[in-house]
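Results of the structural survey
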Amino acid sequence: MTKSLTTLFLSLSFSCLAQKQELQKPLIDLYPGIKPACDCGSLIKAELDNTKIVSAKENKGSCNILAIVNHPPAKDSVKVWISLPIENWNGRFEGIGGGGFLGGLPFFDELLSQGFAGGATNTGHDGGSGSFALNKEGDLNWQLIQDNAYLGIHDMTVVGKALVEKFYGKPSKYNYFVGGSTGGRQGLSEAQRYPNDYDGILSFYPATNWHKFLVTELWPQVVMYELDNYISAEKFEAINKAIISKVDKLDGYEDGVIENPLQLEFDLSNLIGQQMGQTEFTSKDAKVVQKIWEGARTESGEFMWYGLPPGTPFVPLAGSIDNHGDPFSISVEWVAYFLKSNPNWNGIPLTMDEFQLLYNQSVEQYGSVFGTDNPDLNNFKSNGGKLLLIHGLSDRLIVPQGSINYYERVTETMGGPEKTLDFARLFLIPGMDHSESNPALRTTNHFDLLIKWVEELKAPEKINVEHRDESGNLTRTAIYNHF
């Protein structure tokens, strides 16, 4: 990826690690006036299964603990960070997720200021590279793969809840998990695999169906190679602006947002001959865009995965440099380390035949490990768990159709809409990209909705969204119903 695209990707990815959780009013303290039952430093001696407490130090009003968890007989080391407020603990624990291959980081400032105890984990490796999947001999390291896929978040949760009880002398009354992208997938993994871990899970644009969509994010590269037509980022941006400008007012607002892109039928032939950046829009360009919108298909035309909704930015999935491909880095690393076991693989070029073989391998090899698409949430529901899913309809990295498909399968498995709405709800946000930190468009009451649902049994019917201009000025607000 180019330097500019890498910067864009990192900004989108790191926003997944620090979801805004503004509260409209302070939370009720579940243990009014509670004080720590022991000194922070004494937690260094805490005895937990397969866990070593490396440090426990008080700093800036909180007790900060570093623990290492391992899974004998493996020699893995899952790093866990736990932070416990010395004063004004509100009686709740919150785990936070990661982004891309990054398991997570201890971004606790906001949740600590609201009185939460917090937990995060590196899921067995430091940094955001997928290289951890291979050991020194170049073979797949299945223990670290499992740590990253699902074990690490569970480890963090078990350690966090245990240290909360040791430090305060009381258990956390409510436990929440918040994450976006990989973090959203991690939350769903908890609901599916460890339904007792959390009472409420907030999953933004979750990376479910990881084993399917991550390979198919290389589809735009296949399309441009097979059609011998690489479109520049500048031209893609101009194409998108032209499309949005023609349909923007259909919802009554001229705000650069397509209200319902999944239902939009747009005739690209109407753009042929128009100037797009430095060059004209051609019939070959129209074919590229149409195939990217349609989504990945086999050579015989069978469905593989969904495409980008109209109006969604094409880059970085359709990146190119000097008339050759510039594929999305996470997808490249997935293939290089997890499928090919070849760190030098770069996906340039990528033929249709190789693409289809890689997809088949990914689905077969990693569906049960990374898929996180099990629709049977009966145990989570029976334990009183609540699941709030939020996905933007202009998500350039994880298309919203995957979340819709998952929710529809949950609805079918759980016995229909009414039984599903009792514990799981999906909100789709027009115009929202792969980032809740986008200053132009974001939800504002999502965490309040989850807490009221869990603690007061008030199910969320609507979600609030605000639009802001480039200067940060509020331009309009919107309210959206659940799916």
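Described in the following lines is the structure provided in the data block. All values derive from a computational prediction rather than experimental measurement. (Residues numbered from 1 in each chain as written. Predicted model: local features only at pLDDT ≥ 70, side-chain atom pairs only at ≥ 80, totals over all residues. Heavy atoms only, no water.)

When helices and strands are counted, the chain shows 14 helices and 16 strands. The C-alpha atoms of the chain give 23 Å as radius of gyration, which agrees with the globular expectation for 483 residues (23 Å, within 12%). Projected onto its principal axes, the C-alpha coordinates of the chain cover approximately 75 × 55 × 45 Å. Across the 483 residues of the chain, 58% fall into the buried class. (Helix = DSSP H or I, 4+ residues; strand = E, 2+ residues; numbered from the N terminus. Rg over C-alpha atoms; globule rule 2.2 N^0.38 Å. Buried < 20%, exposed > 50% of the residue type's maximum accessible area, 1.4 Å probe, protein only.)

Among covalent bonds in proteins, the disulfide is the one between the sulfur atoms of two cysteines. For the structure shown, the criterion picks out 1 disulfide. Across a sulfur-sulfur distance of 2.1 Å, C40 and C63 are joined as a disulfide pair. Across the S-S bond linking C40 and C63, the dihedral sits near 80°, which makes this disulfide right-handed. Taken together, the positions of C40 in the loop between α1 (3-15) and β1 (51-59) and C63 in strand β2 (residues 62-69) put the pair 23 residues apart, joining distant regions of the chain. The class for C63 is buried, based on a relative accessible area of 0%. Unpaired in this structure, C38 has its nearest cysteine sulfur neighbour in C63, at a distance of 7.4 Å. The exposure class of C38 is partly exposed, given its relative accessible area of 24%. (Disulfide = S-S within 2.5 Å.)

What the rule picks out here adds up to 28 aromatic pairs. Taking the centre distance of 5.9 Å and the plane angle of 65° together, the rings of Y176 and F447 count as edge-to-face. Here the residue Y176 occupies a position in strand β6 (residues 174-180), and F447 occupies one in helix α14 (residues 446-456), the gap between them amounting to 271 residues. According to the relative accessible area criterion, Y176 is buried, its value standing at 0%. Ring plane angle 25° and centroid distance 4.4 Å describe the contact between W334 and F338, whose orientation is recorded as stacked. Linking W334 with F338, this pair stays in helix α9 (residues 329-339), spanning 4 residues, or about one helical turn. Per residue, the accessibility class of W334 equals that of F338, and both read buried. Through pairs of rings, three or more aromatic residues link up here, namely F101, F132, W142, W210, F213, W334, F338, Y366 and F370. A cation over a ring is seen here: K173 above Y31, with NZ or CZ 4.9 Å from the ring centre. The ring of Y150 has R193 lying over it, and the distance from NZ or CZ to the ring centre is 3.7 Å. (Phe/Tyr/Trp six-rings, centres within 6.5 Å; stacked < 30°, edge-to-face > 60°. Lys NZ or Arg CZ within 6 Å of the ring centre and 35° of its normal.)

Our next topic: helix α6 (residues 219-226). A turn of α-helix holds 3.6 residues, and therefore any two residues three or four places apart point the same way. In terms of burial, α6 is largely enclosed, as 6 of its 8 residues are buried. Within the sequence span of α6, burial applies to W219, P220, Q221, V222, V223 and M224. On the buried face of α6, the contacting elements are α5 (210-216), α7 (233-247), α8 (283-294), β11 (324-325) and α10 (352-370). Positive phi shows up at D228, right after α6, with a value of about 50°. (Contact = heavy atoms within 4.5 Å.)

Moving on: the sheet that holds β2. An order of β1-β2-β3-β5-β4-β6-β7-β12-β13 is seen for the 9 strands of this open sheet, with the pairing classed as mixed. The open sheet has two free edges, formed respectively by β1 and β13 (424-429), since each of these has just one partner strand. Taken over all neighbouring pairs, the strand axes of this sheet differ in orientation by 15° on average, direction set aside. Bridge count between strand β7 (residues 200-204) and strand β12 (residues 386-392): 5 bridges; the pairing is parallel. (Pairing = 2+ DSSP bridges. Axes fitted to C-alpha atoms, helices over the stretch in contact; angles between N-to-C directions.)

Let's shift gears to the packing of helix α3 (residues 142-168) against α10. Close contact between α3 and α10 brings their axes to 10 Å; oriented N to C, the two are set at 55°. When the interaxial angle is binned, α3 and α10 end up oblique. Residues W142, I145, N148, A149 and Y150 of α3 lie in contact with α10, whose contacting residues are Q365, Y366, V369 and F370. Of the residues that constitute the contact of α3 with α10, the class distribution is 7 nonpolar, 2 polar and no charged. (Parallel < 35°, antiparallel > 145°, perpendicular 65-115°, else oblique. Nonpolar A, V, L, I, M, F, W, Y, C, P; charged D, E, K, R; others polar.)

Judged from the 3 bridges that link them, strand β14 (residues 441-443) and strand β15 (residues 462-468) form a sheet pairing that is antiparallel. Within β15, the residue paired with R442 across the bridge is E466. Pairing analysis gives 7 bridges linking β15 to strand β16 (residues 474-481), with the strands arranged antiparallel. Across the sheet, the residue bridging to E466 is T477, located in β16. What sits between β15 and β16 in their antiparallel hairpin is a turn of 5 residues, with G472 showing a positive phi close to 90°.

We now examine the pairing of β6. A regular strand places its side chains on the two faces of the sheet in alternate fashion. Burial analysis of β6 places 6 of its 7 residues in the buried class, which makes it a mostly covered element. Pairing between strand β4 (residues 92-96) and β6: 5 bridges, direction parallel. Bridge pairing links I96 to V178 in β6. Where β6 and β7 come together, 5 bridges link them in parallel fashion. Of the residues in β7, the one forming a bridge with F177 is I201. In this fold, β6 hands off to helix α4 (residues 182-193), which returns the chain to β7; that crossover is right-handed. (Right-handed = clockwise from strand over helix to strand, strands pointing away.)

Further remarks concern the sheet that holds β14. Strand order in the open sheet made by the 3 strands is β14-β15-β16, with antiparallel pairing throughout. Looking at which strands have only one partner, the edges of the open sheet turn out to be β14 and β16. Taken over all neighbouring pairs, the strand axes of this sheet differ in orientation by 25° on average, direction set aside.

A few words now on the packing of α7 against α8. The geometry of α7 relative to α8 is characterised by a closest axis approach of 12 Å and an angle of 75° between their N-to-C directions. As far as their axial angle goes, α8 and α7 are roughly perpendicular. On the side of α7, the interface is formed by K235, F236, I239 and I243, while α8 contributes D285, V288, V289, I292 and W293.

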